[in-house]
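Results of the structural survey
Listed below are the residues making up each chain.
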Amino acid sequence: MTDVSDGVLHTLFRSDQGGHEQVVLCQDRASGLKAVIALHSTALGPALGGTRFYPYASEEEAVADALNLARGMSYKNAMAGLDHGGGKAVIIGDPEQIKSEELLLAYGRFVASLGGRYVTACDVGTYVADMDIVARECRWTTGRSPENGGAGDSSVLTSFGVYQGMRAAAQHLWGDPSLRDRKVGVAGVGKVGHHLVEHLRAEGAEVVITDVREDAVRRILDRHPRGVSAVADTEALIRTEGLDIYAPCALGGALNDDSVPVLTARVVCGAANNQLAHPGVEKDLADRGILYAPDYVVNAGGVIQVADELHGFDFDRCKAKASKIFDTTLAIFARAKDDGIPPAAAADRIAEQRMAEARPGR
């Protein structure tokens, strides 16, 4: 963790993508832990964000990812109306090979050493059972199991928030929030996607699905013999005739120079993170008349849920907060129209304004 390139330092201190308050490099030789904790902003309150456990190609890549993810959490938490700033942690290594109780406990001690400036949760490579272990050393841990005072799986409210974003898009574009008889394509029907299908079918939408895992597709088709069909892959899904809404719920980068020109849907609203492959894709969508619901706004149901654990988890309270994603998404569309900019840029402006107006001394 000593060879941090000037490129990373430039990002941290001098670029528009920087502005981070604190970056902590963590190492515990006994357990093999190497981790990076990045705090982008605590303007709105303690930084909140998950712990990613991933076999990065280099330590520089891990630091850069932590910086980028922490910044994204500042915007997500601001738009979710939470009294939290943005932070993220990454643990370097293959979780299948090096994850251990000793390593997770060591990581918990590092998080605890920040004295509440950072609140952690699950992310790629970490799970509820892992957070239960981390919590033994760190009280600022969310995403725990119900048996240990947590909320458990956050995919239920994540899907509910995406569903609210879809309703807002329908209201803005078609003048009616109902999704009945709308054709919705869902790419990825895993933890979040399969819950989203349930919401859509309950309202009477026609759903087209795809997933790289045949068992995930079969589970949906067996449960919904009517109103749901499947296509071979995402390439086929985005070209589906008559598609009203496209919901990317798997990997990031789904909206790119190849997919946007052939997308048949009028709306994109999904649960995947970092859907825009590069800056400028949002303009390409707008130029084609495709309404984009910013991913970090509509998929915020999960972070709303884990934040609530700090106050004694209450599902109904969380669901009420997640339902406000409908109003937030509508406000973004209105701001985008007024300012003559894409919705993604409008969301960034609103988030930045909230952070800038945060009371001094936080």
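Worth saying up front: this structure is predicted, and the values here are computed from it rather than measured. (Residues numbered from 1 in each chain as written. Predicted model: local features only at pLDDT ≥ 70, side-chain atom pairs only at ≥ 80, totals over all residues. Heavy atoms only, no water.)

Let us look at the sheet that holds strand 9 (residues 228–230). Taken in spatial order, the six strands make up an open sheet running 9-8-7-10-11-12, and their pairing is parallel. Only two strands of the sheet have a single partner each, and these edge strands are strand 9 and strand 12 (291–292). Pairing geometry for strand 7 (residues 183–187) and strand 8 (residues 206–210), over five bridges, is parallel. Note on strand 8: the bridge partner recorded for Ala187 is Thr210. Along the sheet, helix 8 (residues 214–223) contacts strand 8 and strand 9; its crossing angle with strand 9, the most-contacted strand, is approximately 155°. (Pairing = 2+ DSSP bridges. Helix = DSSP H or I, 4+ residues; strand = E, 2+ residues; numbered from the N terminus. Contact = heavy atoms within 4.5 Å. Axes fitted to C-alpha atoms, helices over the stretch in contact; angles between N-to-C directions.)

This brings us to the environment of Val124. Within the element layout of this structure, Val124 appears in the loop between strand 6 (118–119) and helix 5 (128–134). Looking at Val124, the relative accessible area reads 45%, which means it is partly exposed. (Buried < 20%, exposed > 50% of the residue type's maximum accessible area, 1.4 Å probe, protein only.)

Now for the pattern of salt bridges. Within this structure, the stated rule accounts for 20 salt bridges. Residue Glu59 pairs with Lys34 through a salt bridge whose shortest N-O separation is 3.3 Å. With Glu59 in helix 2 (residues 59–79) and Lys34 in strand 2 (residues 33–41), the pair connects residues that are 25 residues apart, well separated along the chain. Classification of Lys34 as partly exposed rests on a relative accessible area of 28%. We note a salt bridge from Arg349 to Asp339, for which the minimum N-O separation is 3.1 Å. On the criterion of sequence distance, the pair formed by Arg349 in helix 15 (residues 343–356) and Asp339 in helix 14 (residues 325–339) is long-range, its members being ten residues apart. The exposure class of Asp339 is partly exposed, given its relative accessible area of 31%. Residues joined in a network through salt bridges with shared partners are Arg52, Asp65, Lys88 and Asp123. (Salt bridge = Lys/Arg side-chain N within 4 Å of Asp/Glu carboxyl O.)

Time to look at the packing of aromatic side chains. Tallied over the full model, the rule gives three aromatic pairs. When the centroid spacing of 6.3 Å and the interplanar angle of 75° are considered together, the rings of Tyr75 and Tyr296 count as edge-to-face. Here Tyr75 is found in helix 2, whereas its partner Tyr296 is found in helix 11 (residues 295–298), with 221 residues between them in sequence. Take Tyr75 and Tyr296: they sit in the same class, and that class is buried. On the basis of an interplanar angle of 45° and a centroid distance of 6.5 Å, the ring pair of Phe160 and Tyr163 is categorised as tilted. Of the two residues, Phe160 and Tyr163 both sit in helix 6 (residues 155–174), three residues apart, roughly one turn of that helix. This pair shows no difference in class: Phe160 is buried, exactly as Tyr163 is. The cationic tip of Arg182 hangs over the ring face of Trp174; the distance from NZ or CZ to the ring centre is 3.8 Å. (Phe/Tyr/Trp six-rings, centres within 6.5 Å; stacked < 30°, edge-to-face > 60°. Lys NZ or Arg CZ within 6 Å of the ring centre and 35° of its normal.)

Moving on: the nonpolar core. Counting residues in each nonpolar core, the largest one holds 46 residues, and the members touching the most others are Met166, Val186, Leu196, Val197, Leu200 and Ile209. Among the elements that take part in this core, helix 6 stands out by supplying seven residues, more than any other. If you look at the next biggest cluster of nonpolar residues, it comprises 22 residues, including Val24, Leu33, Val111 and Cys138. (Core = buried A, V, L, I, M, F, W, Y, C linked by side-chain atoms within 4.5 Å.)

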